[in-house]
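So you can see what is in the structure, the chains are spelled out below.
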Amino acid sequence: VNWKTWGKYEDIFLDRSEEGIARVAINRPERRNAFRPLTVSELCDAFIKIRDDTSIGVVLFTGVSPAKDGVFSFCAGGDQSVRGEGGYLDEEGLPRLNVLDLQRLIRSIPKVVIALVSGYAIGGGQVLHLLCDLSLAADNAVFGQTGPRVGSFDAGFGAGYLARVVGQRKAREIWFLCRKYGAQEALHFGLINSITPVEQLEAEGVKWAKEILENSPTAIRCMKAAFNAETDGLAGIQELAGQATHLFYRTTEAKEGKNAFLQKRKPDFSDFDWLP
Ligand code: 1HA
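Rules of the game
All residue numbers refer to positions counted from 1 along the written sequence of the respective chain. Reporting of local features is limited, given that this is a predicted model, to residues whose pLDDT is at least 70; pairs of side-chain atoms are given and counted only at 80 or more, and all residues count toward the totals for whole chains, interfaces and linings. To obtain the side-chain values, all non-hydrogen atoms of the structure were included, while hydrogens and water were left out. UniProt positions are given in the numbering used here, feature names are shortened, and annotations may be inferred rather than shown by experiment. Secondary structure counts use DSSP, requiring at least four H or I residues in a row for a helix and at least two E residues in a row for a strand, with both numbered from the N terminus. Here the term buried applies to any residue with accessible area under 20% of the maximum for its type, exposed to any over 50%, and partly exposed to those in between, with areas from a 1.4 Å probe on protein chains only. Only heavy atoms enter the contact rule, under which two residues are in contact if any of them lie within 4.5 Å. Polar contact is defined as a pair of N or O atoms within 3.5 Å, subject to the rule that within protein one atom must be able to donate a hydrogen and the other to accept it, and that residues adjacent in sequence are counted only when both atoms are side-chain atoms. To define a nonpolar core, start from buried Ala, Val, Leu, Ile, Met, Phe, Trp, Tyr and Cys residues and group those joined through side-chain atoms within 4.5 Å. Here a helix's expected span is defined as the number of its residues, less one, multiplied by 1.5 Å. Any residue with a heavy atom positioned within 4 Å of a molecule or strand is treated as near that molecule or strand. Exposure was quantified through the Shrake-Rupley algorithm and a 1.4 Å probe, taking into account, for residues, occlusion by the shown protein chains and nothing else. Strand pairing is defined by DSSP finding a minimum of two bridges between the two strands. A side-chain nitrogen of Lys or Arg and a carboxyl oxygen of Asp or Glu constitute a salt bridge if their distance falls within 4 Å.

Under an unreviewed UniProt entry, the name given to the protein chain is 1,4-dihydroxy-2-naphthoyl-CoA synthase, and the organism recorded is Prochlorococcus marinus. What the UniProt record of the protein chain gives under Cofactor (unreviewed entry) is the line "hydrogencarbonate".

S.K.: I'd love a proper account of the UniProt feature "site: Important for catalysis" (unreviewed entry) in the protein chain, names of residues and values included.
M.R.: Those places that UniProt annotates as "site: Important for catalysis" (unreviewed entry) correspond, in this numbering, to Tyr88 and Tyr249. Considering the C-alpha atoms alone, the annotated residues occupy 162 residues of sequence and remain spread out, their largest mutual distance being 41.9 Å. Take Tyr88: it is sitting in strand E7 (residues 87-89). When its relative accessible area of 14% is taken as the criterion, Tyr88 is described as buried. Excluding anything up to four places from it in sequence, Tyr88 contacts Pro37, Gly78, Asp79, Gln80, Val82, Arg83, Leu94, Pro95, Arg96 and Leu97. Side-chain polar atoms of Tyr88 contact the side chain of Gln80, separated by 3.2 Å. For Tyr249, the position within the fold is in the loop between helix H10 (233-248) and helix H11 (252-262). Aside from chain neighbours lying at most four places away, what touches Tyr249 is Ala254 and Lys255.

S.K.: How would you sum up the nonpolar core? Please name residues and give values.
M.R.: Residues Phe47 and Phe61 are the most contacted members of the largest nonpolar core, which totals 50 residues. In terms of residue count, helix H1 (residues 37-51) provides more of this core than any other element does, six residues in total. With near-sequence residues (within four places) excluded, Phe61 lies in contact with Val24, Ile26, Leu43, Phe47, Phe74, Ile106, Val113, Ile114, Ala115, Leu116, Leu128 and Cys132. Judged by nonpolar contacts, the second largest core, of 14 residues, contains Ile114, Ala138, Leu201 and Val206.

S.K.: Go over H1 with me, naming the residues and quoting the values.
M.R.: Here H1 is 15 residues long and its end C-alpha atoms lie 21 Å apart, about the 21 Å a rise of 1.5 Å per residue gives. Of the positions making up H1, those classed as buried are Pro37, Leu38, Thr39, Val40, Glu42, Leu43, Cys44, Ala46, Phe47 and Ile50.

S.K.: Residue-level account of the environment of Ala137, with values.
M.R.: Within the fold, Ala137 resides in strand E11 (residues 134-138). Among the residues examined, Ala137 registers a relative accessible area of 0% and is labelled buried. Considering only alpha carbons, one finds Ala137 and Gly205, 68 residues apart in sequence, at a separation of 9.6 Å. In this structure, Ala137 is in contact with Val117, Phe143, Ile192, Ser194, Ile195, Thr196 and Leu201, ignoring residues within four places of it in sequence.

S.K.: With reference to specific residues and values, describe the site of the ligand.
M.R.: With respect to spatial proximity, 25 residues lie near the ligand, and among them Gly78, Gln80, Gly124, Thr146 and Ser152 are the closest. Relative to its unbound accessible area of 1,100 Å², the ligand is 69% covered by the protein chains. Contributing elements (two or more residues each) for the shell around the ligand: helix H2 (99-108) and strand E10 (120-122).

S.K.: Please provide a residue-by-residue account of the pairing of E11, values included.
M.R.: Of all five residues in E11, five are buried; the element is thus mostly enclosed. Of the two faces of E11, the one holding Leu134, Leu136 and Ala138 and the one holding Ser135 and Ala137 are both buried throughout. Where strand E9 (residues 112-117) and E11 come together, four bridges link them in parallel fashion. When the bridges of E11 are listed, Val117 appears paired with Ala137.

S.K.: Kindly report on the pattern of salt bridges, identifying the contributing residues and their values.
M.R.: Side-chain pairing between opposite charges can occur once the charged atoms of the two side chains come close. This model, assessed by the stated rule, comprises 17 salt bridges. Among the ionic pairs, Glu10 bridges to Arg36, the shortest N-O distance being 3.4 Å. Here Glu10 is found in the loop between strand E1 (4-5) and strand E2 (12-16), whereas its partner Arg36 is found in the loop between strand E3 (21-26) and H1, with 26 residues between them in sequence. Take Glu10: its relative accessible area is 54%, and that puts it in the exposed class. The shortest N-O distance in the salt bridge between Asp79 and Arg28 comes to 2.9 Å. Note that Asp79 is positioned in the loop between strand E5 (73-75) and strand E6 (83-84) and Arg28 in the loop between E3 and H1, a separation of 51 residues in sequence.

What follows is the structure in structure tokens.
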């Protein structure tokens, strides 16, 4: 894949390819790719840009690795050194939990988001990989929660969706004990889709992306919304409903309603059947 830089950021890299793939990478390897508010706002900006680009169908989400000491990481969660009263402090000293906005964006973007996890996916970083549609791990991947150890917890997607993915038993174990799990274990309990040697991880991600991109964009976006509808409450149903409206607007039936309104006449839906 021929990656082209797409915008200039401080804490992340954003690239795109002609094949319709975007690549987002957290670039704080010396901090194990822990995120501060700037990192998260840049990630949100990147995901919005990707959402609005009709040529992109798949996003690879990863962390720049290895660090200078040779250690790989996807993301080690919130940067504890900027944690203040009530959140993670931005440059103005405002406490933010803006990773929750990012979680929602990854969830609602009508494209396939694939996490490429090499090394640590810990704390809020573990939740980020969890929320991606697919998670491809390198053989050196390490997953785990630390919240109860460092005085934090994610009682949203980090709890409920984790339980949907790995089951209540395992989810409770992960949060109550704060153990670390290797790639084999994670595959065994259904947290990830595959394991690849670390040097082949990106190539594996591109391979999965290309397979997805051969399929119907509308079918895929509706299926993503359908999966979210099952797990994300009314916000998930809203996404599926949005896809239905999106399709309906393209029909002559819907256009008749709009045209009649604009032409200040009664709509004539007599051409449209009440199908079974
Ligand atoms: O729970 C939430 C939220 C809940 C609700 C709403 C929003 C939330 C937002 C975020 C979070 C959280 O993410 S809480 C959980 C925060 N994360 C952690 O507790 C993980 C902390 N890190 C580690 O456990 C370890 O660093 C590691 C297992 C990932 C790697 O260990 P290793 O290879 O031994 O490296 P280590 O020496 O610990 O780290 C290398 C450098 O990176 C250290 O800095 P240095 O001493 O060289 O100056 C270390 O301090 C830094 N670092 C690593 N992780 C973080 C970090 N600095 C700040 N924050 C980190 N999370």
